[in-house]
Amino acid sequence: MKVLLVNASDCKGGAAVVSRRLLHALNKQEGVEAKMLVAEKGTVDGNIIALPRTWWIRKALDRAVVWAANGFTKKKLWLTDGGFFGNDITQRKEFQEADVIHLHWVNQGFLGLRDIEKILKSGKKVVWTLHDMWPATSICHYAEDCRKFQTEGCSFCPQLQKPSADDLSARIFHKKKALFANLPESCGFSFIGCSNWVSGMASSSAITRHLPVQTIPNAISFSQYAVGDRVEAKRRLGISPETKVICFGAARIDTPIKGFRFLVEALKMQADKLQNTLLLLMGGVSDETVFREIPIPYKHLGFISDTAPVYQASDCLVNCSLFENLGTTMIEAQACGCTPAAFDTGGTTDIVRDGETGYIALPQNSASLAEAISKALHSPIPPENLHQFAVDNFSEDVVAKRHLVVYKTQEKEK
């Protein structure tokens with residue numbers, strides 16, 4: 001079986017990381033030959049093929065249209081996508097040789113709606129993984145509290161600066177609904193949700209509710225994520241073995257959706273009980289003044305490629321995102337024996353079972369988060385239990401085999 005994974009990049013963004021992991025996992029399965037097609041390539045993997053560099057022109061044009069529809073402002077510019085421009089990949093050799101086409105994150109000028117339509121009508125078996133909500137909504141990657149995509153039409157979009165009855169969301173909603181309305185049987189199309197939450201969003205969407213969707217989590221390579229000696233791990237980072245360590249990571253720490261302010265508020269509530277506690281921060285930041293309110297000692301590690309030593313040194317990982325599909329950092333932390341404390345948002349409960357594989361807090365509730373952090377620090381889940389849970393549910397081999405069931409089911413149905 002030949003599988004072609006399609007993702008905008010192999011190096012930038014969470015979807016790039018997990019789709020590349022799936023590529024490697026599939027190629028370890030007997031009788032499977034997997035390749036990956038990207039617009040932007042940053043690795044030297046021979047199984048990953050890049051489009052000609054002219055793709056960036058389409059990306060620029062696509063962003064320009066969204067910018068205009070957004071009232072000529074950059075505010076929330078990257079939160080929406082209209083699928084105006086893209087690349088026709090159906091004539092490429094890799095596409096024509098593949099038995100299964102597996103779409104991943106394809107926005108910002110990589111694949112437009114017309115390109116996606118060509119893929120769905122090509123006669124190939126097609127699967128599309130929901131790394132966010134965009135395939136099932138109109139223009140947004142995360143709908144936040146809006147549920148207009150579940151009705152008979154989007155309009156007055158809260159993501160746009162000049163919403164109206166006939167705004168960009170309204171026009172794209174009807175285009176997408178028409179796109180998915182009458183798919184050819186030959187494509188055996190189905191969605192794969194990375195979490196039960198995002199699968200539920202697709203099943204409730206007026207655009208996609210008639211289409212099959214299954215939940216398969218992202219794959220994690222556990223070759224580097226393992227339980228280590230926490231005392232030694234702390235010493236390597238220059239931390240006293242007696243110090244309790246809380247870690248928090250994000251591509252950009254102060255992105256509002258990551259909820260860093262809730263962590264700061266939770267720490268303030270527990271400050272008198274955290275006198276011998278250190279906060280480790282991973283990732284970039286656009287405004288370092290957000291660190292001024294942190295009430296306990298902290299270290300900002302910046303961007304780091306190897307996060308395992310941080311998890312191995314940490315007693316608790318905090319995830320306080322306002323919206324979360326499947327929080328990979330929580331799985332990686334579990335694999336290293338670090339107890340997660342997380343808001344009950346999105347797919348979090350696929351990973352954190354309260355009191356069993358971590359601790360759950362009420363969404364956007366600092367007091368509840370403070371309580372969850374306290375439990376993680378003082379009643380940690382046994383590291384071996386956390387690691388085994390992660391391996392049993394998210395290992396590359398387990399996830400690859402679940403994907404093969406979907407691919408082969410489509411073959412049989414065809």
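In the block above lies the structure referred to throughout.
Reading the values: rules and limits
Residues numbered from 1 in each chain as written. Predicted model: local features only at pLDDT ≥ 70, side-chain atom pairs only at ≥ 80, totals over all residues. Heavy atoms only, no water. Helix = DSSP H or I, 4+ residues; strand = E, 2+ residues; numbered from the N terminus. Rg over C-alpha atoms; globule rule 2.2 N^0.38 Å. Areas by Shrake-Rupley, 256 points an atom, 1.4 Å probe, with all protein chains shown as cover. Lys, Arg positive; Asp, Glu negative; His and termini not counted. Charge placed at Lys NZ, Arg CZ, Asp CG, Glu CD. Expected span 1.5 Å × (residues − 1). Buried < 20%, exposed > 50% of the residue type's maximum accessible area, 1.4 Å probe, protein only. Arc of directions from axis to C-beta. 1 Å grid on protein atoms, 1.4 Å probe; cavity = no way out; pocket = protein on both sides within 12 Å on 5 of 7 lines; lining within 4 Å. Points joined across faces, edges and corners; volume = space filled by probe spheres on them. Salt bridge = Lys/Arg side-chain N within 4 Å of Asp/Glu carboxyl O. Contact = heavy atoms within 4.5 Å.

Trainee: Just checking my understanding: could you explain the overall build of the protein chain for this structure?
Mentor: When you go through the protein chain residue by residue, the secondary structure sums to 14 helices and 13 strands. Scaling as 2.2 N^0.38, a compact globule of 414 residues should have a C-alpha radius of gyration of about 22 Å, and the protein chain matches this with 22 Å. The dimensions of the protein chain, computed from C-alpha atoms along their principal axes, are 60 × 55 × 35 Å. Split by element, the accessible area of the protein chain, about 17,500 Å² in all, is 51% carbon and sulfur. In the protein chain, the 48 positive side-chain charges and the 44 negative ones have mean positions that sit 5 Å from each other.

Trainee: Sorry if this is basic, but what is going on with helix 2 (residues 55-69) here?
Mentor: The α-helix winds at 3.6 residues per turn, so residues separated by three or four positions along the chain end up facing the same way. Between its terminal C-alpha atoms helix 2 stretches 22 Å, which fits the 21 Å expected from 15 residues at 1.5 Å a residue. Taken as a whole, helix 2 has its buried residues at Trp55, Asp62, Arg63 and Val66. In a view along the axis of helix 2, the buried residues occupy a sector of 95°, so they form one face of it. Positive phi appears at glycine 71, one or two residues downstream of helix 2, with a value of about 80°.

Trainee: Would you mind going over empty space enclosed by the protein with me for this structure?
Mentor: This structure, assessed with the given rule, holds four cavities of 30 Å³ or more. What lines the largest cavity is a set of 13 residues, among which Cys140, Cys146, Cys154, Cys157 and Pro158 lie closest to the centre.

Trainee: Would you mind showing me how to read the pattern of salt bridges here?
Mentor: Where charged atoms from two side chains of opposite charge approach closely, those side chains can pair. Scanning the entire structure with this criterion turns up 13 salt bridges. A salt bridge links lysine 234 to aspartate 315, with the nearest nitrogen and oxygen atoms 3.2 Å apart. Taken together, the positions of lysine 234 in helix 7 (residues 230-236) and aspartate 315 in the loop between helix 9 (308-313) and strand 11 (316-319) put the pair 81 residues apart, joining distant regions of the chain. Residue lysine 234 is classed as buried on the basis of its relative accessible area of 4%. Given the relative accessible area of 9%, aspartate 315 is considered buried.

Trainee: Sorry if this is basic, but what is going on with the side chain of asparagine 218 here?
Mentor: Following the sequence through the fold, asparagine 218 ends up in the loop between strand 7 (213-215) and helix 7. If sequence neighbours within four positions are ignored, asparagine 218 has contacts with Val18, His131, Cys194, Leu326, Thr328, Phe394 and Val399.

Trainee: What is the right way to look at unusual backbone geometry in this model?
Mentor: Backbone phi values are negative for most residues with the exception of glycine, while trans is the configuration of most peptide bonds. One non-glycine residue, phenylalanine 156, lies in positive phi territory at about 45°. With relative accessibility at 46%, the residue phenylalanine 156 sits in the partly exposed group.

So, to be careful, I would describe these as geometric facts and stop short of saying anything about function.
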